[in-house]
Amino acid sequence: MAEPKQHAPRIAIGITGSSGAVYALDFLKRYPHDKYLIMSKWGKAVMKDELDMPDPEKKLKPLVKKIFADTDLTAPLASGTNALDAFVIIPATTSTIGKIASGIGDTLITRTAAVCLKERCKMIICVRETPLSTITLEQCTKLSREGVIIMPISPPLYFVPKTVEEYVQGFTDKVLQHCGVKVGKGWRADELE
């Protein structure tokens, strides 16, 4: 019997309407393998506002293999028959977290999340909100128990970033590492050589 065909690493990336579009852009630029993008209506609005990007889809299209509409629940990402190595939501609104934790799959972003949960696929949710309500904390705890990696957007400062770009990359380095991409340098990593 023939071995199943192995695919190169591929991930889906969801961008929702939370502040922090710069993190999504940096991650999209730096993840080196196949990536499929879904942007919510408000995710596009934040990209426009925060990054002065009048047409986010046109600007981001060269960075990804394909962009799927958040309204397209017939997209291949809506089915567990199409394996992903990870689904990263960066940034994630608390509303998106609430829907995922409640099992609501009414958009392609939330449906892809539901597929990842049922298929036990790696999911990383990058929360950019502070403070967090008890309800959101409970929802994050519920998702964490299901294996979801909850990553509040909190860049490390131990390497003393000199620019906003370095500051942003400090966080996206962590997300890339969780997606199997070796980048950045750990705290006092030279002592492990």
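Residues numbered from 1 in each chain as written. Predicted model: local features only at pLDDT ≥ 70, side-chain atom pairs only at ≥ 80, totals over all residues. Heavy atoms only, no water.

Before going further, it helps to spend a moment on helix α2 (residues 41–51). Because the α-helix completes a turn every 3.6 residues, residues three or four places apart line up on one side. Listed as buried for α2 are Gly43, Val46 and Met47. One side of α2 holds all its buried residues, which, seen down the axis, span an arc of 105 degrees. Facing away from the buried side of α2 by more than 90 degrees, the exposed set consists of Lys41, Trp42 and Asp49. Here the buried face of α2 lies against β1 (10–15), α1 (21–30), β2 (34–39) and α3 (56–60). After α2 finishes, the residue aspartate 52 shows a positive phi value of roughly 50 degrees. (Buried < 20%, exposed > 50% of the residue type's maximum accessible area, 1.4 Å probe, protein only. Helix = DSSP H or I, 4+ residues; strand = E, 2+ residues; numbered from the N terminus. Arc of directions from axis to C-beta. Contact = heavy atoms within 4.5 Å.)

Let us now look at the layout of surface pockets. The computed volume of the largest pocket comes to approximately 190 Å³. Along the walls of the largest pocket sit 13 residues, with Ser40, Asp70, Thr96, Lys99 and Thr107 positioned nearest its centre. Of all the secondary-structure elements, those providing two or more residues to the lining of the largest pocket are α2, α4 (94–101) and α5 (108–119). With three residues, α4 is the single largest residue contributor to the lining of the largest pocket. Of the residues belonging to the lining of the largest pocket, the class tally is two nonpolar, eight polar and three charged. (1 Å grid on protein atoms, 1.4 Å probe; cavity = no way out; pocket = protein on both sides within 12 Å on 5 of 7 lines; lining within 4 Å. Points joined across faces, edges and corners; volume = space filled by probe spheres on them. Nonpolar A, V, L, I, M, F, W, Y, C, P; charged D, E, K, R; others polar.)

When you line up the elements, threonine 16 lands in the loop between β1 and α1. A polar side-chain atom of threonine 16 sits 2.7 Å from the main-chain carbonyl oxygen of proline 91. Within the structure, threonine 16 has its side chain in polar contact with the backbone nitrogen of threonine 93 (distance 2.9 Å). If sequence neighbours within four positions are ignored, threonine 16 has contacts with Ser40, Trp42, Gly43, Ile89, Pro91, Ala92, Thr93, Thr96 and Ile109. (Polar contact = N/O pair within 3.5 Å; in protein donor to acceptor, adjacent residues only side chain to side chain.)

Any functional reading would require information that these geometric values do not contain.
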